[in-house]
Structure formats: C-alpha cells, structure tokens
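# Architecture at a glance
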Amino acid sequence: MQRKIAEELKLEDDAMALFEKQDEEDDFTGVDHCSRDVIKHVAKIISQTLRDRSFMMIFLNGSDDEVDLSRFGVILTEFDSNMMIWTFNRFLTIHRPNCANPIVSKLRYTKRFLAWEWYPDHTRHLKSSQFVAVMRELTATIVARNACMQSIDPKVVTDCCLHELFQHYSFHKSIISDWVAAHASNYWICNGILNGGMTKEMINVLYQEIRWECDGSLLDEIFEVLMKQKEFPFLVVKDNVIHEKWSPYRWISISSKKLMLQYDVLQISLLDVSSLFVALEKSNSPQGLPNKLFEHGSNLAVLTLSYCAFNFVEPPFLHQCPRLRFLGLDRCTHENTSEGGNSEEWKCLHNLWVLDIRYTEWNEILCGRKLDLMANLTELNIEGVRCWQYISQLQGKLPDLQKLRIINPSHQGKTSAGYCSNSFADKTKLEILDLSGNKDMNSLPASLSTASSLEVLVLDGCAGLENVVLPNKLASSLRSFSFDGYGPALRWISIVGLPPESSRPKPASDANKMEETIKTSKISLEGCKKLEKLFLRGLPNLEELNLSGTAVKLLDFGTMVVDCPSLKRVFLLGCEQLRAIRWGSYDEQLNIELLCIDTRPGRAPRFGKPLLSQHKDRCSQLHAIFADARLARSLESYLYHTKDVYYNIHITSSTEYVGILPLEATIEGTIEPSNQLTHNVVASQYGDVPVAKIGGTMFAAVLQPPTQRLDRHIEISEGAISIESELSGEDGSGNLGSMINHHAKSLHLHDASLKSSLPSSGWNILRWCRVERCPNMETVFPPWSSCFFQLETVWASDLPMARCIRSNGGCSQSYENLQHLHLYSCPRLQFALPVKDAGSCPSLKTIHVNHCSSLRHIFVLDGSENPKIRAAHGMLSPKLNTIHLYDLPSLRQISEFKMLAPALETIRVRGCFGLRRLPSLAGRKPGTKKPIVEMEKDVWDALEWDGPDHHPSLFEPPVHSRYYRKKRLLRGTVLRYVPTFVLSAQCDDIYNVICVIVLVLTVCNSLRFSHCLGESYPVYNCRPSASINMMDYRCFVPFMLVFC
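Please read these numbers as outputs of a predicted model, since none were measured by experiment.

### Topic: the overall build of the chain
The number of helices and strands found in the chain is 24 helices and 46 strands. Of the contacts made within the chain by residues no fewer than 6 positions apart, 71% connect residues no fewer than 24 positions apart. By element, 52% of the accessible surface of the chain is carried by carbon and sulfur atoms, the whole surface being about 47,900 Å².

Structure representation (structure tokens):
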C-alpha cells in the first residue's frame, strides 16, 4: 500500500528504488508479502511531500480492520483541512447493515462512521438504473487498478459481474455451489461475454477480482425486484416459482424439489437463452428431463444438469442444442426412454469446448468415435467414475486439449502403466493435468514427456506412486506441482493454478495407516526451470526431494513441504532464484540428513551427489554454494536449531569451482572432498622462477597453505554478493557473520573485494582461519573480537592494505591453542597480533612470515596492563620450535617485549637486515640439542644479547650462504649513479647508454640473485623499510627509455 501511495505522489526514482531494495531484503529474510512492513525512510519522504499540501485521500480498504496510515507517512491532524474517506470490506458485497456492527468497536482513528441502513421500502423502490450504475462504478474501479485491463470494454466486466452474481444467487445454498463457481471463467467464455481477444492474464484478473459476498436473505429480496425489470437478462426458478416479465432471458437457473414447470413459459424463454442451469433435489432416483425442454434451445451454449435423468444413448440436448460449448453433468443417471440412437445427432460435439462429468456413468460419450467428434474440446473433467487408466482412450484424440482432470475414481483399474504409455504423445497444448485420487497408479505415463506445455501437475491422493520423477522435456514448462497425501482437494479452480488452501482436506489422524498406504519415497522435479509453486503434504515415506534447477524462491517447510517425517535428502542445485528457506516449527524438527544447495547463475544442476551411506555415523550434512551471502540467514537458523550438523559452505558466484562432489571420510572430525582444496598462487613478476631454486626446500613449506577442511567449513571468494553488509552485523543476529562466529570451525576468505574486517563477536569454535588475496582488507579481526580459545592456525597472504591481523585495543585476548602463524606478502603489515601477558600463546609451534616489508613486530602489547610489568616477565611460548622469517627489512624482533622459546629447534632468516633480537632460550632442558640457525653473517653479527639465557653460544653456529662474500656489496643501488653517467654521455650515443644500463643491471642481478641462492635483497636504498627485489630492474627499463 505504501508503494501505491508513493506512485500516486510520483516520488523520485531514488525513493521508488527503496521498495525494490526492501523487497529483495524481505525475500532473503523469508517475509511473506502480506506481512511486510512499511519503509520508514519512504514514510518520511511521503510526510515531507504532503506537509504543505491540502489533499483528500480515498482509501478502499478490503479488510474489516482499521489501518493507521500515519505509519505510511500520511499524517492527519485536527488542525489541518486534509481528510480521508475510506471503505471497509470487499467491493462486491451485499449485506444487511447491523447497528451493532463489529467494525465500530475497532475504530480508533476514524472520526465519523457512516452506514446505510436497508429497509424493506428500499427494496421495493429499487430501480434497475440505480443498481446498474453501482455495478458500472465497481467495474470501472476493477479496470482502473489493473494495467492489463485498460483496453477492455467496462460493459464486458459488468456482464461478468452480473453473471457471477446470478450464479451466486442461484446456487449459494446448493450442494453444487463450489462446483459451479469453479467454472466462472469458462462460463464467461462459452457464453460469449469474453471474446477470443482476451488474454490469459485478463481472464485470471477477472476471476480473482469478481467474488461476491452476499447476505442470502437480502439477496433474495433484491433479486425478486430485479427479475421483474427489463434490464436484467436472467431468470431464477426456485421451488417452481417463476417471475415472468416481457423481456427475453439470457441466463436461466432452475433449482427445485420437483420438476413440475409450465413448459410453455420455458420453451418461449429458451429461444434466446445462452446458459441453463438445472439443479434438482438430491435423490437416489433423479427426475427425468421433459422431452420438449430443449426444443427451442438452438442458442444454448452452457448447460449444467445436476441430479437429472435422461437417455444416455440418445440425449435430448445434443441434437436440439447444436451450439453447445459447455456441458456439465453432476450425478445424472440413465433413463431408458427409447432404444438405439442416431450417430448423426452427436455431431454437435464438434462445437464442445468444455466437458465436465462428475459421478455420472456415461461411457457412451467417452468412446472412441465420440472423442473423434470433440476436435475443439479444450477442457475435460471426469470425477468419481473412471480411473486414470482410461486416459489410454485419449491417444490420438482431442488435439486441442488444454486441461485434463481424471480424479476421485469410484473404482480402481488393474491395467498397468504401460497400457497408457502413449496417451499424451500428441498433447502438446495440455496445460493442467490433475490425476488426484488415483490410488492404484504406481508410475507416471512415459508419454508425459511430450506434454511440452504442461504448467500444473496435481497428484493429490495418488498413494500408489513409489517414485515421482518428471521427464526432462516436461520439466521445461511446469510451474506448479501438488502432491497431498491426505487426499484430493474438495474444490479446484478453472484457471491455471493449484487448488486453494481452503479446499484442502484436513490431516489424517491415523499416521500408521497412512504410512502403509502411501508408498512414495522419492520426488524429483529436477530441471523444472519455471517451477515456482509447490505443495507436498502427508507423505510419511518420502525420503528424497530433488528441486534442482527449479525457479523456487522460497522453500517453506511449514506451508509447502509439510508432514514428511522421513525426509532425509533435499537437493537444491542450480536454484538461481532461491532466496530463503523457512524451517517451519522447531517443535516438529526436520530430520534432514543431507542438504545440498547451489544457487550460482549459469550453473548446470546435474552434479554428483554425496552418498549418505558414506556418513552413517553423522546426523546431518549441509553442502552449499551460493552467490548471495544473504541466503546464509536461512542456513544460520537451521544450524542454530539443529545439532550435530557437518557442513561445507562456499559463497561465490564463480562457476570455476566444482559443485557438490562425492565426499570421502578422512580423519575423524573432518570432511574432505575427493578433490582437495588447491592453493591458487597469485601470478607475480617472479612467476617464471621455479620454487625449487628459491632456497631449495627451505621455504617450500611456507608456500603451501593448509588444505584440509574441517567438518564445519565456510569459504568466501570472488563474486560473492552482499558480503560487506552480512559480515558487519548491521542486520543483527542471524546473518553470515553470526553463522561464522557461532558455527564455523574453519574459514577460508580469498579473492574478495572486502574492506571491512570479519565480525567482532566471539570466536568460540573457529580452529583455523585462512585469508588471502583481499586487496582492500585493512584488518582481519576487529579490536572487539574475542574468545579465540580454539584457534589453531592463522594464514594471511597477499593483503596489500592490511596493517594488522587483529587490531589493538578492545578486550584483552589470549590465543591458548594457536599453533601455527603464517603471514605472506602483506607489505603494509605493522604487527600481527596483540597479546596481553606472558601466557598468551602457550601452544604456538611455528612462525612463518614472508615478504612483509613494514612489519616491525609480530606480537605487540595490547595496552590493557602496565607494559613494564609484562615486559619483565616476557612472552612465554614453551612449544615454539620453528621460526621462518624471509624478506622482512623492518623487523626488529619477533615480540615487542622479551620472548621465551625454550623448545626452539630451527631459525631460518633471509633478508631481515633490521633484526636485532632472537627469542631467549630460558627454561630449556639440559642436554637438549641446540637450535639450528640459518641467516646472513652480517645479520648474525648485528644481533643483541643480554644474558646467560640469551647468548650466541646457546645456538648452533649459524649457517650462512656458501656464496655469501665476507665483504658485502654496497647496499646502495646502482641506479643512484645512473643519472650522472647518463648526463655525461653524448646525446648521439643514447642507444649505447641504454645498453650499458641494462648490462650493469644484469650483472648485478647475476651477482646478487643467482649467487645468493636466488634470494632477493634490498639493493637500491640503504633504508631497510624501502626494499626492492633485485629482479625489479625490469621495471626501470621503461623509465630509462622515457628519460632518454
């Protein structure tokens, strides 16, 4: 409604775009359209727009409740001249006003309540012109509020409303009221009210808009007056009472206990009648139709008979009503009034469009020769008579059939499914197929694949179906699917769609009996790319549901998939439109053991699926790949309420990643795919240099990140949508950030343009975190992140903007289980982790840090206590045994204060010319082998020592490079002297100058790079913080060319 107000006020595009944005958010949150709230910012804009205006608002309220429009931005006060007029209830209503109207008690903001009281005098003086004028106003409103109806003649809509009112009055107390109402649109078309130019959209709009709610007694009074006036083209006969008038009738209904009529009156009336409805009293011996009833029915187009008897061999209406388009029979019986029949008299079946037979054993009309005559039949409904096997008679018949219902058979057949395997071979126009109640059907006909236009498939009550697997060709057109184990719907609708919820049967009380009768264990709708509406209920043996490749936006286990207690496997692969999953009531928790999701666009839905038998010891598994991080809201809710869930979630839009693959159990507590995670090393200017040449195997382990996923793994990579907002926690709990905080054991974030850090809540479960190639990330963990009790491994690489791994400040933290710290190619990193005391990293084993030119300390004090006191005690890491430091020119020492590492075994250092202190070995057990040291001699000579527990003699003699020269080359750059050399050269020898420069750089590279085991050194600036690799000389060649 707020959108309608904004459209009337013609707000700017920016304001209107907020509706689309909020709708998208509500889709991912799983909010129903009828439950969506107003947008406060739009309400503010509406209020500002109306603030200085004088207006009157007319609000057509379709409910009985008062609406506070101030929430929408429309504010009315007693001090302005603005006003609002609104109505309650639906448009098409006829009720007797009540002084004690319940609406009055609900009014809080309404100042005046006006009600028109109806008195008997009003009925007697009612004029047709008044009633028609009201009808025209109502129909004009229907046309105005539907864009697709702008080209339609309002008189056509008025006739549709009158015809619907006529039916409502005729049968609102009859047992066939729902049966007649279901065919409203068919009546309009067959009567000629709607012509062939009407689109399906127009017909659907009219069907949904035209619904009468009437007071029965008042309606009787009004119709008694209207039928006496010439302008109304209908006649209603009840209990043999006929209201005569001197005008022709177009529509006649007869509902009577006994058919004792003045036939001469009816014969005159039928001359111009297009619709005739006869519904007699329910009886085991229906009354016979008069022989001359249809003698003047040459213009009759719609005929419905209920509880009537006539000769099935020679029906009187078929040869007397040649223009008949709609024939409906309900509980009619055969009356043997003559023998034999003339087949020529059945030729009127050629004009028939709709045939509806319910609980009427009329086999003659469905035999082969009669079906051949129905070449124009578009809808065939058979209920309570024939079972589904009789569709074999349709093979090669009814080429224009669009709707077929064979439901609730009174007797089941014994014919096999193969008997009707080709029944749908030529049904290319079929749109609706309803086989509800056929309990003996054990499989769908194979020829159903040729029904390429099928949009609705209803299998309610088909208890004998073991597996429902739709053919590929059928899957391309299907939009709606229903399988209700509790039985067929009590009513159905003529337009394309599923039966209304109000017509569904009540759940069965005997669950054990249902489990024995309903056999369906698998339903596969894979590849139904247009499927949007789904209803599954009362299927106790259903174990697998495959909705891969469908257009389902919302999967609701509270309204769409209900009472399926054995459901174990759900596949949603290739569901690009999936926005949310609602899990229903958690009091009736689902027992889903395997859930597979993939919503990436352009991804084929046919993946290998994990085998449940491989993980029988695990309760539930979740494998998901989706592009929009907002889908995690649904999964977080599932993880929160489900115990023992093992999952692998990947958020990306890239199709390069392999989909859901068969899983293989590895070590206890882990899930590892058969194709393990591979580390995609980013391409660099040194990519042509083999890793084996860079120090042999000394730093090879540093280049290989952990690849083994834990049993609760989340991966975020390129193309992920809404990552920033979902990680920030702006929308509160229940988003991706909350899911990572509370459920993830391993996290892999890479190739994401993410600027903000990870969530700042507690990390109680996380065991390893891997972050790489995020060019905009400034820090991994924010200052208020806490509870790193389980964190074992931290891997951070290729983060050009990162200044720390966890920001300093906030609450003090210890890393009790941290074992491995890997930092690689983070040029702006100043420190890694803040620590609070000596025991912050008691489990630390390895430190690997490479190519972090600005790093001064790996661990710093967090400032929560007196730094002097903590510096005196030092930072104790009793399990630290390996330290690899590579190309860290600014590094002074590993910890900002004294570090104790009594278990240290190996120290390898390259290119760390600012290093001044190694960890102390205080507390080392006597007799333990000395740590191995590999570093440059001048770095070793520059180290500072401060006591007997921190002395060079406690380490093995350092191993230097065998090509390392005692007299180290100047650390200044050769390029420093290039300008002078160039300026002194002759201008006509520019080419030679360039060659000399390249030659000098090449020689330097050979001496400094190749002879030092391929290690790169700072060569162009004496300041360690401004290092450049020697092979970067290639970058200077273009500048030299420009300079020359």
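### Here's the deal with the sheet that holds strand 10 (residues 308–310)
Strand order in this open sheet of three strands is 8-10-12, and the pairing throughout is parallel. The sheet is open, and its two borders are formed by strand 8 (287–288) and strand 12 (333–334), each paired with just one other strand.

### Focus on helix 1 (residues 2–9)
What sets the pattern is the α-helix's 3.6 residues per turn: residues three or four places apart point alike. Every buried residue belonging to helix 1 is among Gln2, Ile5, Ala6 and Leu9, and all of these are buried. An end-on view of helix 1 places all buried positions within 100° of arc, on one side of the element. Summarising the geometry of helix 1, the exposed residues directed more than 90 degrees from the buried face are Lys4 and Glu8. Just beyond helix 1, the residue with positive phi is Lys10, at close to 55°.

### Description of the nonpolar core
Counting 177 residues, the largest nonpolar core has Phe317, Leu459, Phe481, Ile858 and Phe859 as its most contacted members. When residues of this core are assigned to domains, at least three map to each of domain 2 (128–335) and domain 3 (775–864 + 871–965). Those residues within four positions of Phe859 in sequence are excluded, and the remaining contacts are Leu821, Leu833, Val835, Cys841, Leu844, Ile847, Met875, Ile894, Ser895, Glu896 and Met899.

### Examining helix 19 (residues 736–743)
Among the eight residues in helix 19, seven count as buried, and that is most of the element. Those residues of helix 19 that fall on the buried side of the exposure criterion are Leu736, Gly737, Ser738, Met739, Ile740, Asn741 and His743. The N-capping residue of helix 19, defined by a side-chain oxygen 3.3 Å from the backbone nitrogen of Gly737, is Asn735.

### A look at the packing of helix 1 against helix 3 (residues 40–50)
Look at helix 1 against helix 3: their axes get within 11 Å of each other, and the N-to-C directions meet at 40°. In terms of crossing hand, the pair formed by helix 1 and helix 3 is left-handed. Residues Gln2, Ile5 and Leu9 of helix 1 touch helix 3, and the partners they reach there are Val42, Ala43, Ile46 and Leu50. Here the residues of the contact of helix 1 with helix 3 sort into six nonpolar, one polar and no charged.

Each value, and the rule that gives it
- Residues numbered from 1 in each chain as written.
- Predicted model: local features only at pLDDT ≥ 70, side-chain atom pairs only at ≥ 80, totals over all residues.
- Heavy atoms only, no water.
- Helix = DSSP H or I, 4+ residues; strand = E, 2+ residues; numbered from the N terminus.
- Contact = heavy atoms within 4.5 Å.
- Areas by Shrake-Rupley, 256 points an atom, 1.4 Å probe, with all protein chains shown as cover.
- Pairing = 2+ DSSP bridges.
- Buried < 20%, exposed > 50% of the residue type's maximum accessible area, 1.4 Å probe, protein only.
- Arc of directions from axis to C-beta.
- Core = buried A, V, L, I, M, F, W, Y, C linked by side-chain atoms within 4.5 Å.
- Domains from an automatic or database assignment.
- Polar contact = N/O pair within 3.5 Å; in protein donor to acceptor, adjacent residues only side chain to side chain.
- Axes fitted to C-alpha atoms, helices over the stretch in contact; angles between N-to-C directions.
- Left-handed = near helix turned anticlockwise from the far one by under 90°.
- Nonpolar A, V, L, I, M, F, W, Y, C, P; charged D, E, K, R; others polar.

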